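Residue strings, one per chain:
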Amino acid sequence: MTDAQNGDMAEAKDTTPPPSLKTLEILARYDVLITPAEISGDFWPVFVEAVMMHPKPIMLHCSGEGGSAFTLYQLIGLIRQHGRFIGVLHADAASAHSILFAACQTRYVSPLGSISVHRCVSSGGWQMGVKAAREAMLRYERMDKLHAQIMADACHSLYDADFWLKAFDDAEAGLKEFDAECLIDMEMARPIAEMPDDL
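What you see is a predicted model, and the numbers here were worked out from it, not measured in a lab. (Residues numbered from 1 in each chain as written. Predicted model: local features only at pLDDT ≥ 70, side-chain atom pairs only at ≥ 80, totals over all residues. Heavy atoms only, no water.)

**Quick word on the nonpolar core**
Stated formally: By nonpolar core we mean a set of buried residues, namely Ala, Val, Leu, Ile, Met, Phe, Trp, Tyr and Cys, connected to one another through side-chain atoms within 4.5 Å. In this scheme, a residue with accessible area under 20% of its type's maximum is buried, one over 50% is exposed, and one in between is partly exposed, where area comes from a 1.4 Å probe on protein chains only. Between two residues, a contact is recorded if the distance between any of their heavy atoms is within 4.5 Å.
Within the largest apolar cluster, 46 residues are counted, with the highest numbers of intra-cluster contacts made by Leu-33, Phe-47, Leu-60, Phe-85, Ile-115, Trp-164 and Met-188. Excluding its chain neighbours within four sequence positions, the residues that come into contact with Leu-33 are Thr-23, Leu-27, Val-46, Phe-47, Ala-50, Ile-58, Met-59, Leu-60, His-61 and Phe-85. Counting six residues, the second-largest nonpolar core is a separate cluster that includes Val-32, Ile-86, Tyr-108 and Met-195.

Structure representation (structure tokens):
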């Protein structure tokens, strides 16, 4: 490869906007947000922009692998503040992504959409004293109850928090999956085909 070609490639890289700018551009044009594969604090400013600057309904594509519970609670707070989030699933929403989807005021799922749930666990291992470990376990139990209630609310309490806590316990290989058909039967989501054309 010549020096000129290397220079062309470097110039092309320099003109490519970072993902956060692309996300904000999509939000500005279409009132659509796409969650990153992993929920982290980097996504928080985008949500603030959505809530503060976009009073119209915001379509949130929720597929992903999970992430920070701390950031998740901040995002759920903003979803509730805004009050007009439309969750959309075209693939799997695992862990924190499933809770984020359930927190949306309206939800739609495509045939390949699903959620995968589990009990809260530490991502940093258990290198801590007995007292700290006990406090962490109590914190995770509170988080599990909160998550279960968010799921129950999304199902209009047809499937209560106890059902979801049991589902968290029943997770095989770390996750328990509910496919699109289950989500529709549980009234957590409506078929994507029923989404109005003007959204």
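**Thoughts on the packing of aromatic side chains**
Basically, it comes down to this: Planes of paired rings set the category: under 30 degrees apart is stacked, over 60 is edge-to-face and the rest tilted, where pairs are Phe, Tyr or Trp rings (Trp by its six-membered ring) whose centres lie within 6.5 Å. A run of DSSP states H or I qualifies as a helix once it reaches four residues; a run of E qualifies as a strand once it reaches two. Both are numbered from the N-terminal end.
Counted under the stated rule, the structure contains six aromatic pairs. Their ring planes at 90° and their centres at 5.3 Å tell us that Phe-163 and Trp-164 sit as a pair that is edge-to-face. Taking 6.3 Å as the distance between ring centres and 55° as the angle between the ring planes, the aromatic pair formed by Phe-163 and Phe-178 counts as tilted. Separated by 15 residues along the polypeptide, Phe-163 in helix H7 (residues 161-169) and Phe-178 in strand S7 (residues 176-179) bring together distant segments of the chain. Accessibility expressed as a relative area gives 6% for Phe-178, which makes it buried. What links up through ring pairs into an aromatic cluster is the set Tyr-159, Phe-163, Trp-164 and Phe-178.

**Thoughts on helix H5 (residues 96-103)**
Every α-helix carries 3.6 residues per turn, so stepping three or four residues along brings you back to the same face. The element H5 is largely enclosed, with a buried count of eight among its eight residues. Every buried residue of H5 is listed here: Ala-96, His-97, Ser-98, Ile-99, Leu-100, Phe-101, Ala-102 and Ala-103.

**Notes on the side chain of Ser-116**
As a reminder, the rule being used: Polar contacts, as used here, are pairs of N or O atoms within 3.5 Å; protein pairs need one atom able to donate a hydrogen and one able to accept it. Residues neighboring in sequence count only if both atoms are side-chain atoms.
Inspection of the secondary structure puts Ser-116 in strand S6 (residues 114-117). A polar contact is formed between the side chain of Ser-116 and the side chain of Asp-92, at a distance of 3.1 Å. Ignoring anything within four residues of it in the chain, the contact list for Ser-116 reads Asp-92, Ala-93, Ala-94, Ser-95, Ser-98, Leu-175, Lys-176 and Glu-177.

**A word on the confidence of the model for the protein chain**
Using the following cut-off: The pLDDT value tells you how sure the predictor is about a given residue, anywhere from 0 up to 100.
Chain-level statistics for the protein chain give a pLDDT mean of 86 and a share of 84% at 70 or above. When the criterion is pLDDT under 50, residues 1-12 qualifies, and its contacts beyond four places in sequence or with other chains add up to two contacts.

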